[in-house]
Amino acid sequence: MLLEVKNLSKHFAGLAALHNVSLQIREGEVLAIVGPNGAGKSVLFNLINGMLRPTSGKIHFLGEDIAGLKPHLIARRGIARTFQTTALFDQLRVVDNLAIGYRLRNTHGFWSTIFHSRDWKEDRARTTANVMETLDFIGLAEKAFHPVSSLSQAEQKRLSIGVALISQPKIILLDEPTGGLILEDTDEITDLIKKIYKVAGITICLIEHKMRMVMDLAHRIIVLNFGSMIAEGSPEEISKNPEVIEAYLGAEYLA
Amino acid sequence: MPAIRFLLKKWFYVLLLVLAMALPFLITNRYYFQIVIMGCLFSITTLSLNLILGYTGQASLAHAGFFGIGAYGVALMTKSGISFWLALPLSALFAALIGFLIGLPTLRTRGSYFAIATLCFGVIVSIVAGSWIEFTGGYTGLVGVPHPTPLPLPIIGVIGFETQTAQYYLVLAFLLLTLLVMHRLVYSLLGLSFMAIRNNEALAEAVGVNTFAGKILSFVVANFFAGLAGGIYASLVGSISPSTASIDLTFSWLVYLLLGGAATLAGPIIGAFVIPVIMEYLQFLQEYRLIIFGALLIAVIIYFPRGLMGGFSTLQQRVREFYGQRRGVKHAVRS
C-alpha cells in the first residue's frame, strides 16, 4: 500500500469539511476522487500534502505517519501535487519553474553555490538534464524560455503537471488538471496523465469533474459528498451506483 | 584564447571596471570624491537589502539596524586596539548572528507584519545605541574611530588607508566582493528558490522548498553585508552615533533600491549613485526636494514596478521578442 488514510477528519470551527474518511491508494494505479463542489476533495489533498493539519485520523505513506508534517518535508518523501487554480511561479520562465520543481533533488548548499564546488556543478548538470527531459515529456520544449505569463491556459496546466513530475515523486495528486479547459485541450491533458502512469510509472490520484475523462482514465473511483465517502469502486460500479448518481447529478437522473 | 574571448564578451563590464579603477584620477574634487565613496558603500547596503527584499520578497526595514551593529562593532573593537581586519569580519558575523536570532521569530510573519516587526527592531537598535551610554557613548556617539589598520601585502608593500584614494579602493574591493557573492547567489538554483518564495510561497513549500530556511538564509546573508558596510563606514568616517542606525538610512536605501530596480543586480548600484547625485543638484530646493522624490517614487512603483533596470529589461525583452530571438535549450537552466 502506497498511501493509506485512516479515519481522517478535518473540522473548521465545528464544520466538518471532511469526516471520518478512510481510503487506500495502491502503487501504480489511477485513483479518481469525484464529488460535488464542497465535498471535501481539495481538503483531502491539502491534508495529505501537509498544507492543513488533520483534526483527527492518520495518513500513512509507505508505512510512515506523515499527518501534520510540513509540506516541503512531505514533498521530499515523494508526494507531489498540483493546485485547482493553476499555481505556477508566474514571474519566472518555464525552465525556472521546472528547475524549482527539481530543487528537492539538489543536495548542494550555500557554500557550494558561492564557490561553485563540484556538487554544485553536478546538481546543475543533473537539473539541466531533467529540465530538458521534462520539457519534452510535457511538450513545452518550444516555450522553454518564455515567461509563464505568456503561456496559454492549457500550457500552464501542462507546466504545473511538469513541475510536480520533475522531482520523480512516487505519487502525484492532481487537483482538477483540466479545469476550465476546452475539449481538445482536455484530451491532451488526459493523454499526458496516461503517459505519466504508463511511461513514468508514477501513481496518480486525481480530482476531476469531467466524468467522461474519469471513466476513461481511472482504475478506481472514490466518491465524496458533504465530507464523507459515499462510494468506492471501479468506473462501471460507480456509474451504476444510485447513491452516486443522486449526489452528483441530482435525483431526477435516476428515473 | 579564452581570456580574450571573455574580454570581448564582457567588454562592457570590463570597461566599467577599468573606469572604476581609474576614477581617483578622473575626480579631483575631494567633496565629489567623498560622494563616490559613499555611493560605493551604500551600493553594498542596497545590494544586500535587494537580496532579502528584491529577490526573496521579504521587506526588511531593519537594514540600518544591522548596519549600525556592524558600525558599533568595528568602532568599539578598533578603539580598544583590535585590528580592523579582525574587527570587520567579526562585526559582520555578529550582525549576521543577530539577524539569525531576529529572523527566527519575525520571518514567521508575512508581508506587512514582517515589515513592521523589522521596523521595530531597527528602531530598538538606535534607541539602545542612544541609551547605553557607558558602552556606546549615548547620543554623542563614538568619535576617534581609527582608520583601517595598514595592510601589509606581498610585492606591493604596506598599504595605509589615510588617503581618500586608498579608502576608495578599499570600498570598491568590498563592493566587488558583495557583487560577486550576490551574482553567484542570484544566478543559481538557490537564488531561484529565493525567487520562488517571493513569487508563491505556498507553491514553493508544496514542491519541496524549505521556505522558512530559505528566508532565514537570505536574511542572514543580507544582514552580514549590512554589518560589513557599517563596519567600513565607522572606520572611514571616524565617528558614529545612533543616527548611523536610524530608520532614515533604511528608507534612503529603500528608495535607491526601488528607483534603481529591485531584483536586478545593476539597479541597486545605479540607485545608490544616481539618487545622491540628483539630491546634490536639488540642494537649492532644500527640504522640498523630498516632495519630488515622493512623487517620483509613486510614479515608479505604478509604472515601473521593477525600477529603472526593470523598465530597461522589459524594453530589451520586447525588442528580443520582436526579432523572435531564441536561444538553445543548452542554456536551459540559469547557471
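See the structure above.
Criteria and cut-off values
Residues numbered from 1 in each chain as written. Chains lettered and ligands numbered in written order. Predicted model: local features only at pLDDT ≥ 70, side-chain atom pairs only at ≥ 80, totals over all residues. Pairing = 2+ DSSP bridges. Helix = DSSP H or I, 4+ residues; strand = E, 2+ residues; numbered from the N terminus. Contact = placed C-beta atoms within 7 Å. Axes fitted to C-alpha atoms, helices over the stretch in contact; angles between N-to-C directions. Parallel < 35°, antiparallel > 145°, perpendicular 65-115°, else oblique. Nonpolar A, V, L, I, M, F, W, Y, C, P; charged D, E, K, R; others polar. Core = buried A, V, L, I, M, F, W, Y, C linked by C-beta atoms within 7 Å. Buried ≥ 20, exposed ≤ 12 C-beta atoms within 10 Å, placed from the backbone.

Colleague: I tried to follow the pairing of strand β4 (residues 56–61) of chain A on my own but got confused; where do I start?
Modeller: Regular strands place side chains that alternate from one sheet face to the opposite one. Residue and element names in this part refer to chain A. Alignment of strand β1 (residues 3–12) against β4, held across 5 bridges, turns out to be antiparallel. Across the sheet, residue Lys6 finds its bridge partner in β4, namely Lys58. Strand direction decides the pairing type here: β4 and strand β5 (residues 64–65), joined by 2 bridges, are antiparallel. Its bridge partner being in β5, Phe61 is matched across the sheet by Glu64. Counted between consecutive antiparallel strands, the loop separating β4 from β5 contains 2 residues, among which Leu62 sits at a positive phi close to 50°.

Colleague: Before we go on, may I ask you to explain the environment of B:Leu47 in this structure?
Modeller: Residues and elements named next belong to chain B. Following the sequence through the fold, Leu47 ends up in helix α3 (residues 30–55). Placed 216 residues apart in sequence, Leu47 and Ala263 show a C-alpha to C-alpha distance of 9.3 Å. Not counting chain neighbours up to four residues away, the residues in contact with Leu47 comprise Thr178, Leu179, Met182 and Pro268.

Colleague: Hey, could you run me through the packing of α3(B) against helix α11 (residues 211–237) of chain B in this one?
Modeller: The description of two helices packed together rests on the angle between their axes and the distance between the axes. Residues and elements named next belong to chain B. It is at 8 Å that the axes of α3 and α11 come closest, and there the two elements cross at 170°. Taken together, α3 and α11 sit at an angle that is classed as roughly antiparallel. Residues Leu41, Ile44, Thr45, Ser48, Leu49, Leu51 and Ile52 of α3 touch α11, and the partners they reach there are Ser218, Phe219, Val221, Ala222, Phe225, Ala226, Leu228, Ala229, Ile232 and Tyr233. Class assignment of the residues belonging to the contact of α3 with α11 gives a composition of 14 nonpolar, 3 polar and no charged.

Colleague: Sorry if this is basic, but what is going on with the interface of chain B and chain A here?
Modeller: Between chain B and chain A, the residue contacts involve 29 residues of the former and 33 residues of the latter. Residue assignment for the side of chain B that touches chain A shows that the elements contributing at least two residues are α8 (164–186), α9 (189–199), α10 (201–206) and α11 of chain B. When the residues that make up the side of chain B that touches chain A are grouped by side-chain class, the tally is 16 nonpolar, 8 polar and 5 charged.

Colleague: Looking at this structure, I do not really get the sheet that holds strand β6 (residues 79–81) of chain A. What am I missing?
Modeller: Strand pairing in a sheet is mediated by backbone hydrogen bonds. Such pairs are either parallel or antiparallel. Residue and element names in this part refer to chain A. One open sheet accounts for 6 strands, arranged β6-β7-β8-β3-β9-β10; its pairing is mixed. If you trace the sheet from one side to the other, it starts and ends with β6 and β10 (228–233), each paired once. Along the sheet, successive strands turn relative to each other by an average axial angle of 20°, direction set aside. The sheet strands contacting helix α1 (residues 41–48) are β3 (30–34), β6, β7 (171–175), β8 (203–207) and β9 (220–225), and the helix crosses β7 at an angle near 145°.

Colleague: Looking at this structure, how should I read the nonpolar core?
Modeller: General note: in soluble globular proteins, nonpolar side chains tend to be found buried as a group. Among the nonpolar cores identified, the biggest contains 164 residues, and A:Ala32, A:Ile172 and B:Val171 are the most heavily contacted of them. Sorting elements by how many residues they give to this core places α11(B) first, with 14 residues. Filtering out sequence-adjacent residues up to four positions away, A:Ile172 remains in contact with A:Ala80, A:Arg81, A:Ala164, A:Leu165, A:Ile196, A:Ile202 and A:Ile204.

Colleague: Looking at this model, I keep getting lost on the sheet that holds β5(A). Mind explaining?
Modeller: All names here are of chain A. Read across the sheet, 4 strands follow the order β2-β1-β4-β5 without closing on themselves; strand pairing throughout is antiparallel. Because the sheet does not close on itself, it has two edges, and the strands there are β2 (15–25) and β5. By the bridge criterion, 7 bridges tie β1 to β2 in an arrangement that is antiparallel. Following the sheet pairing, Glu4 is matched in β2 by Gln24. Here α1 sits on the sheet and contacts β1, β2 and β4; the angle it forms with β2, its principal contact strand, is near 65°.

Colleague: Even after reading the chapter, I still don't get the pairing of β8(A), so can you show me in this structure?
Modeller: All names here are of chain A. With respect to burial, β8 is a largely interior element, 5 of its 5 residues being buried. The side-chain alternation of β8 yields two buried faces, one formed by Thr203, Cys205 and Ile207 and the other by Ile204 and Leu206. Pairing of β3 with β8 involves 4 bridges; the strand directions are parallel. Residue Ala32 lies in a different strand from β8, and its bridge partner there is Leu206.

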